[in-house]
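Read off the chains here:
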Amino acid sequence: MLAFAIRVDSYADRPRNDRPEETTLYWIVQAHLDTYLAFVDIETGGVGLPTFVTDEFDAFLACGILAHGFLRLACDGCREEKLVAFSCKRRGICPSCGTRRMAEAAAYLVDHVIPKVPVRQWVMSFPIPLRSLFAVHPDLLLPVLQIIHRAIATFLFTQAGQKRDQAATGAVTLIQRFGSAANLNIHLHALVLDGVYGNLDAADTAGTPDESPPSPAALAPITPITPIFHPASAPTHAALQALLGKIITRILRLLIRLGHLVEEDGQTTLAGGVIDPDDVMTPLQAAAAHYRIAQGPRAGQKVLSLQLAPRHPGSRESSALCANVHGFSLHAGVRCAADDRKGREQLCRYITRPAVSNERLSVNRAGQVVLKLKTAWRDGTSHHVMAPMEFMQRLAALVPRPRLHLIRFHGVLAPNAKLR
């Protein structure tokens, strides 16, 4: 008998749509993809979009459609049958595959990776020029991420009162490439153990050598010392400001040494030649990072927005544990207790969520795409309104390059760590 199980919890997302061709996103892509690809060919002199972007769109249009392949499941007992369409398994614009990957990743992290200790979310954001740089050179994110994790780990050693050579901590970082407005916003969400594991150095447990024969007790196998978790005290706003300053200095020093930034007269700017102007993706990504339109009659203009009454200046964002310096931002205001499994899984689902949500997309009577923001901005902006071709540009800019790892593990949570 063939059986299959579905993971269900109180805050799980809705099941996969059995008819994805009826969703708003599918209708937009299906109706305008050919026109958009032809338009890009004309704009770029026949160069067109990269293959990995066009493959993403084609795979999305075939995802969940029975005509493009399916698996038939039959029960030997009741003879009931069910057809399950093949999925595209892409990481870019497909909400269905993104939601499934979110649920699977969150369950795996909570059940097999993150221990039952307090966890704090650290969010690192970058200025818009660096977002464009990281989009063109995603390989830079690895050394930048190492700098950030090393700085946060050192900070936690101090907060927990432990020595660096006798303690260790760990983190899981997800590289998010999008914002709630389907804009290109490369930033880092790190779930860091809110403390350190001490008692790791067992050198002081060894006896003093002498000339006498070893006793049977000395020949017995040494019982490994169990690491002890030492919680870290909560950071203050001043401490976050100082920590962010150290991170910024080290990141800028790294990018200057690698030749991606130039420092002249006290100003740090992008070096010439690090971003290829002939690359088709460069204007798309730059426009998506600046909330502007890359191509067409409104190229260079900002996307239309709908605004409500601005929020009060004294909102919760200003009182949270958040530091801002020169476009860099470090947020550490979200923490889960050791016994809060549901909160920990919600955090994992949040940082692994898909880039596009069908529930926040609609089309108005004029045929324009209306994207509802997850949370209204402080200036009152609640929706973005784009022509279908403008929205297709946004989608193309959000497709990640192939062979780019978006989840990283550090310290004791790394795959080859002895304490994993």
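Below is a summary of the structure that appears in this document. (Residues numbered from 1 in each chain as written. Predicted model: local features only at pLDDT ≥ 70, side-chain atom pairs only at ≥ 80, totals over all residues. Heavy atoms only, no water.)

## Digging into the overall build of the chain
Argument step 1. The helix and strand tally for the chain stands at eleven helices and 16 strands.
Argument step 2. Taken over 420 residues, the chain has a buried fraction of 43%.
Argument step 3. Taking contacts inside the chain between residues at least 6 apart in sequence as the whole, the part at least 24 apart equals 73%.
Argument step 4. For the chain, the computed accessible surface area is about 22400 Å², with 55% contributed by carbon and sulfur atoms. (Helix = DSSP H or I, 4+ residues; strand = E, 2+ residues; numbered from the N terminus. Buried < 20%, exposed > 50% of the residue type's maximum accessible area, 1.4 Å probe, protein only. Contact = heavy atoms within 4.5 Å. Areas by Shrake-Rupley, 256 points an atom, 1.4 Å probe, with all protein chains shown as cover.)

## Observations regarding the packing of aromatic side chains
Argument step 1. Summed over all chains, the structure comprises six aromatic pairs.
Argument step 2. Note on Tyr26 and Phe60: the rings are 5.9 Å apart at their centroids and 50° apart in plane angle, and the pair reads as tilted. Of this pair, Tyr26 sits in helix α1 (residues 24-43) while Phe60 sits in helix α2 (residues 51-62), and the two are 34 residues apart along the sequence. Note on accessibility: Tyr26 and Phe60 belong to one class, buried.
Argument step 3. Relative to Trp377, the ring of Tyr291 lies with its centre 5.5 Å away and its plane at 75°, an arrangement referred to as edge-to-face. Pair noted here: Tyr291 is in the loop between α8 (281-289) and β10 (304-307) and Trp377 is in the loop between β14 (369-372) and β15 (381-386), with a separation of 86 residues, a long-range link.
Argument step 4. A residue is classified by how much of its surface remains accessible, and Trp377, at 26% relative accessible area, is partly exposed.
Argument step 5. Site record: aromatic cluster; members linked through ring pairs are Phe126, Phe134 and Phe328.
Argument step 6. Seen from the ring of Tyr350, Arg353 lies directly overhead, with NZ or CZ sitting 4.2 Å from the centre. (Phe/Tyr/Trp six-rings, centres within 6.5 Å; stacked < 30°, edge-to-face > 60°. Lys NZ or Arg CZ within 6 Å of the ring centre and 35° of its normal.)

## Points about empty space enclosed by the protein
Argument step 1. This model, assessed by the stated rule, comprises five cavities of 30 Å³ or more.
Argument step 2. Each pocket or cavity is described by its volume, and for the largest cavity that value is around 90 Å³.
Argument step 3. If you go around the largest cavity, you meet 14 residues; those closest to its centre are Leu145, Ile148, Ile152, Thr173 and Ala190.
Argument step 4. When residues in the lining of the largest cavity are grouped by element, the largest group, four residues, is from helix α5 (residues 141-160).
Argument step 5. For the lining of the largest cavity, the per-class residue count stands at eleven nonpolar, three polar and no charged. (1 Å grid on protein atoms, 1.4 Å probe; cavity = no way out; pocket = protein on both sides within 12 Å on 5 of 7 lines; lining within 4 Å. Points joined across faces, edges and corners; volume = space filled by probe spheres on them. Nonpolar A, V, L, I, M, F, W, Y, C, P; charged D, E, K, R; others polar.)

## Details of the pattern of salt bridges
Argument step 1. Scanning the entire structure with this criterion turns up ten salt bridges.
Argument step 2. With its nearest N and O atoms 3.1 Å apart, the salt bridge here joins Arg298 to Glu390. Separated by 92 residues along the polypeptide, Arg298 in the loop between α8 and β10 and Glu390 in helix α11 (residues 388-398) bring together distant segments of the chain.
Argument step 3. Residue Glu390 is classed as buried on the basis of its relative accessible area of 10%.
Argument step 4. Taken together, the shared-partner salt bridges in this structure form one network comprising Arg19, Glu21 and Glu22. (Salt bridge = Lys/Arg side-chain N within 4 Å of Asp/Glu carboxyl O.)

## Digging into the nonpolar core
Argument step 1. Counting residues in hydrophobic clusters, the biggest one holds 88 residues, and the most contacted among them are Trp122, Met124 and Phe126.
Argument step 2. Ranked by residues supplied to this core, first place goes to α5 with twelve residues.
Argument step 3. Setting aside anything within four residues of it in sequence, one finds Met124 in contact with Ile148, His187, Leu188, Leu244, Ile247, Ile251, Phe328, Ser329 and Leu330.
Argument step 4. Residues Val110, Val113, Val172 and Phe229 belong to the second largest nonpolar core, which totals 20 residues. (Core = buried A, V, L, I, M, F, W, Y, C linked by side-chain atoms within 4.5 Å.)

## Some remarks on the environment of Gly327
Argument step 1. Here Gly327 is to be found in the loop between β11 (322-325) and β12 (328-336).
Argument step 2. When the C-alpha atoms of Gly327 and Ser125 are compared, they prove to be 7.9 Å apart, with 202 residues separating the residues in sequence.
Argument step 3. When residues no more than four places from it in sequence are discounted, the contact partners of Gly327 are Ser125, Phe126 and Pro127.

## Focus on helix α10 (residues 341-351)
What sets the pattern is the α-helix's 3.6 residues per turn: residues three or four places apart point alike.
Argument step 1. For α10, the set of buried residues is Gly343, Arg344, Glu345, Leu347, Cys348, Arg349 and Ile351.
Argument step 2. Structurally, α10 contributes buried residues whose contacts are with α3 (95-113), β3 (119-125), β4 (170-178), β5 (184-193) and β12.

## A look at α3
Argument step 1. In a regular helix each residue adds 1.5 Å, so 19 residues correspond to 27 Å; α3 covers 25 Å between its end C-alpha atoms and thus fits that length.
Argument step 2. Among all positions of α3, only Pro95, Cys97, Gly98, Met102, Ala105, Ala106, Ala107, Leu109, Val110 and Val113 are buried.
Argument step 3. The elements touched by buried residues of α3 are α1, α2, β4, α10 and β16 (407-411). (Expected span 1.5 Å × (residues − 1).)

## Quick look at the pairing of strand β1 (residues 70-74)
Argument step 1. Note: β1 against strand β2 (residues 81-85), five bridges, orientation antiparallel. Bridge pairing in β2 links Phe70 to Ala85.
Argument step 2. As consecutive antiparallel partners, β1 and β2 are separated by six residues, and within that stretch Arg79 has a phi angle of approximately 65°, a positive value. (Pairing = 2+ DSSP bridges.)

## Here we look at the pairing of β3
Argument step 1. Taken across its seven residues, β3 has seven buried, putting it largely inside the fold.
Argument step 2. Alternating positions in β3 separate into two faces, Val119, Gln121, Val123 and Ser125 on one and Arg120, Trp122 and Met124 on the other, with burial throughout.
Argument step 3. Sheet topology places β3 next to β5; six bridges connect them, and they run antiparallel. When the sheet's bridge partners are listed, Val123 is paired in β5 with His189.
Argument step 4. Looking at chain direction, β3 and β12 are connected through six bridges and run antiparallel. Looking at the pairing, Met124 lines up with Leu330 of β12.

By themselves, these figures tell us nothing about what the structure is for.
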